[in-house]
Amino acid sequence: MASFLEEAEELFKEYKEYIPTHKEVCDILDKEFLSKEDLIKLLNVSNKEDILLMVKKAQKLTRENFGKVILLYAPLYIANYCQNGCVYCGFSCKKEYRREKLSFEGIENELRKMKEEGIDSVIILTGEDRINSSVEYIEKACEIAVNIMSEVSIEVYPLYEEEYRRLSNVGVIGITLYQETYQKEDYEKLHPFGPKKDFEFRLNAPERALKSGFHEACIGPLLGLSHPKKDVLCAILHAEYLLEKFPKTEISISFPRFRSAGTDFMPLYTVSDKEFIKFLIIARLYLPRVGIVLSTRENSSLRDALIDVCVTKISAGSKTTVGGYAEEKDEDSEAQFEVEDRRSVSEVVDVIIKKGLRPEFTNWVKGVKNI
């Protein structure tokens, strides 16, 4: 087991029932750098007054480290074929619905439609199927995207280091890969069969991508699949591990909450808005320079509030169906998960500007990512 997971397990056991006093919270917030013990103590805070103090400190750290910039991106689903039996996912091979993948012409059409709407940073997504969504297919899709968008990342099945290097060589700069849950016992129950069942191969994928020349990695759990506080602790320590190992790269963290995906799955846990906000704030307090990503899984009011506090990157105008930008599709029946914020890119940009923040559509200049 990875060293940061062992640390998280020990911390969670030792401080599981520990509730810090108000004075203790204030003393922690007065520190320039937090210890791992401070981290787990703050995760146990439930007092509203203490959480508001944490919000204030998180907002200060965000402005000091990221200024007023909010990065925008959108996902592009190019295929929904999958060989996994994940019990919670809309793409699971156990679910019966239309499987499809875009032609290269279709991919270009989607990208140009996204570009028309203002998007210049895209994440290419597939299900986990090496036959129908081969590395060669993904590589060609990324080549097309690099010629249209300023910034291209991937959210596909875990690859080998040499495969990530191929994508890096065509201009892909980032990887998003959710571990789903860091609790191995629960992970194995949630992924009964398919290539995704390999917990360690997935866990180590961001590291392989960064070794191969990728410049960014976004990680996190899907909250609700296992103990949320424990998964958040593991994710934060995972991000810290990657930051220490790859200090010249940009590490981001995201805590998507489970949303219905057209399956009968009921999550073991629910995460309230209060807990969700606290988790994001604590990620900022412990890792002041980590990027924090918030997707359209969350509703517009919550997203608008959090870009003022700790979030640095958000999706906008997202479609979670294959071919959803150039065609009118039923987002509720064919999507990987339910989208809560359905506003257009321009509507999201207007909100950012009204808050005195600056919307940006790309983080890296082409041709200089390896400097």
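Per chain, the residues get numbers from 1 upward, laid out in the order the sequence is written. With the structure being a predicted model, the display of local features is reserved for residues of pLDDT at least 70 and the display and counting of side-chain atom pairs for 80 or more, all residues being used for whole-chain, interface and lining totals. Side-chain measures were taken over the full set of non-hydrogen atoms in the model, leaving aside hydrogen atoms and water.

Participant: Tell me about the side chain of Thr62, and name the residues and values.
Facilitator: Secondary structure follows DSSP: runs of H or I at least 4 residues long count as helices, runs of E at least 2 residues long count as strands, and numbering of each begins at the N terminus. Relative to the elements of secondary structure, Thr62 occurs in helix α4 (residues 48-66). What makes Thr62 buried here is its relative accessible area of 1%. Only protein chains enter the calculation, and the probe is 1.4 Å; a residue is then buried if its accessible area is under 20% of its type maximum, exposed if over 50%, and partly exposed in between.

Participant: Any details on helix α6 (residues 135-146)? Residues and values, ideally.
Facilitator: Expected helix span is taken as 1.5 Å per residue step, with the number of steps being one fewer than the number of residues. Here α6 spans 16 Å end to end across twelve residues, near enough to the 16 Å set by a 1.5 Å rise per residue. Of all twelve residues in α6, nine are buried; the element is thus mostly enclosed. The complete set of buried residues in α6 reads Val135, Tyr137, Ile138, Glu139, Ala141, Cys142, Ile144, Ala145 and Val146. Tucked inside the fold, the buried residues of α6 contact α5 (104-116), β2 (121-125), β3 (151-155) and α7 (161-169). Any pair of residues with heavy atoms lying within 4.5 Å of one another is described as a contacting pair.

Participant: Which residues make up the packing of helix α2 (residues 22-29) against helix α3 (residues 36-43), and what values go with them?
Facilitator: Describing two packed helices takes the angle between their axes plus the distance from one axis to the other. Lines fitted to the C-alpha atoms define the axes, with helices restricted to the stretch that makes contact. Angles between their N-to-C directions range from 0 to 180 degrees. Contact geometry for α2 and α3: axes closest at 11 Å, N-to-C directions at 135°. Put simply, α2 runs oblique to α3. The interaxial crossing formed by α2 with α3 has left-handed handedness. Of the residues in α3, those touching α2 at Glu24, Val25 and Ile28 are Asp38, Lys41 and Leu42. As a working rule, the residues Ala, Val, Leu, Ile, Met, Phe, Trp, Tyr, Cys and Pro are called nonpolar, Asp, Glu, Lys and Arg charged, and the rest polar, with Gly in that last group. Across the contact of α2 with α3, the residue classes tally to three nonpolar, no polar and three charged. Angles are sorted into four bins: roughly parallel if under 35 degrees, roughly antiparallel if over 145, roughly perpendicular if 65 to 115, and oblique for all others. By convention, the crossing between two helices is left-handed when the near helix turns anticlockwise from the far helix through less than a right angle, and right-handed when the turn is clockwise.

Participant: How would you summarise the packing of aromatic side chains if you had to cite specific residues and measurements?
Facilitator: Ring pairs shown here join Phe, Tyr and Trp side chains whose ring centres sit within 6.5 Å, with only the six-membered ring taken for Trp; geometry is labelled stacked below 30 degrees between planes, edge-to-face above 60, and tilted in between. In the structure shown here, the tally under the stated rule is eight aromatic pairs. Ring plane angle 35° and centroid distance 5.5 Å describe the contact between Phe4 and Tyr241, whose orientation is recorded as tilted. Residue Phe4 is found in helix α1 (residues 3-15), and its partner Tyr241 is found in helix α11 (residues 228-245); the two are separated by 237 residues along the sequence. Judged by relative accessible area, Tyr241 falls into the partly exposed class, the value being 24%. Taking 5.7 Å as the distance between ring centres and 85° as the angle between the ring planes, the aromatic pair formed by Tyr15 and Tyr18 counts as edge-to-face. Feature note: the residues Tyr88, Phe258 and Phe265 constitute an aromatic cluster, connected by ring pairs. Stacked on the ring of Tyr137, the Lys or Arg Lys101 has its end atom at 4.5 Å from the ring centre. Working rule: Lys NZ or Arg CZ, within 6 Å of ring centre, within 35 degrees of ring normal, means a charge sits over the ring.

Participant: For α11, give the residues involved together with the corresponding values.
Facilitator: Between its first and last C-alpha, α11 extends 26 Å over 18 residues, near the 26 Å set by a 1.5 Å rise per residue. Burial of α11 is extensive: 14 of the 18 residues sit out of reach of the surface.

Participant: Give me the environment of Asn80: which residues, what numbers.
Facilitator: Along the chain, Asn80 falls in the loop between β1 (69-77) and α5. Setting aside chain neighbours within four positions, we find Asn80 in contact with Phe91, Tyr97, Arg98, Arg99, Glu100, Gly127 and Val322. Here the side chain of Asn80 touches Arg98 through a polar contact of 3.3 Å, landing on its backbone oxygen. The term polar contact refers here to a pair of N or O atoms within 3.5 Å; inside protein, the definition further demands a hydrogen-donor-capable atom paired with an acceptor-capable atom, and it admits residues adjacent in sequence only when both atoms are side-chain atoms. One polar contact links the side chain of Asn80 to the main-chain amide nitrogen of Glu100, over a distance of 2.8 Å.

Participant: Give a detailed account of the state of the cysteines, specifying residues and quantitative values.
Facilitator: Every disulfide links exactly two cysteines, by a covalent bond between their sulfur atoms. Here, a disulfide means two cysteine sulfur atoms that sit within 2.5 Å of each other. Under the definition given, this model contains zero disulfides. Not engaged in a disulfide, the cysteine Cys86 finds its nearest cysteine sulfur in Cys89; these two sulfurs lie 5.8 Å apart. For Cys86, a relative accessible area of 5% puts it in the buried group. The thiol of Cys142 is unpaired, and the distance to the nearest cysteine sulfur, on Cys218, comes to 17 Å.

Participant: How would you summarise unusual backbone geometry if you had to cite specific residues and measurements?
Facilitator: The backbone of Glu180 sits at a positive phi, close to 75°, despite the residue not being glycine. Positionally, Glu180 belongs in strand β4 (residues 174-180).

It is worth stressing that arrangement in space is one thing and function is another; only the former is reported here.
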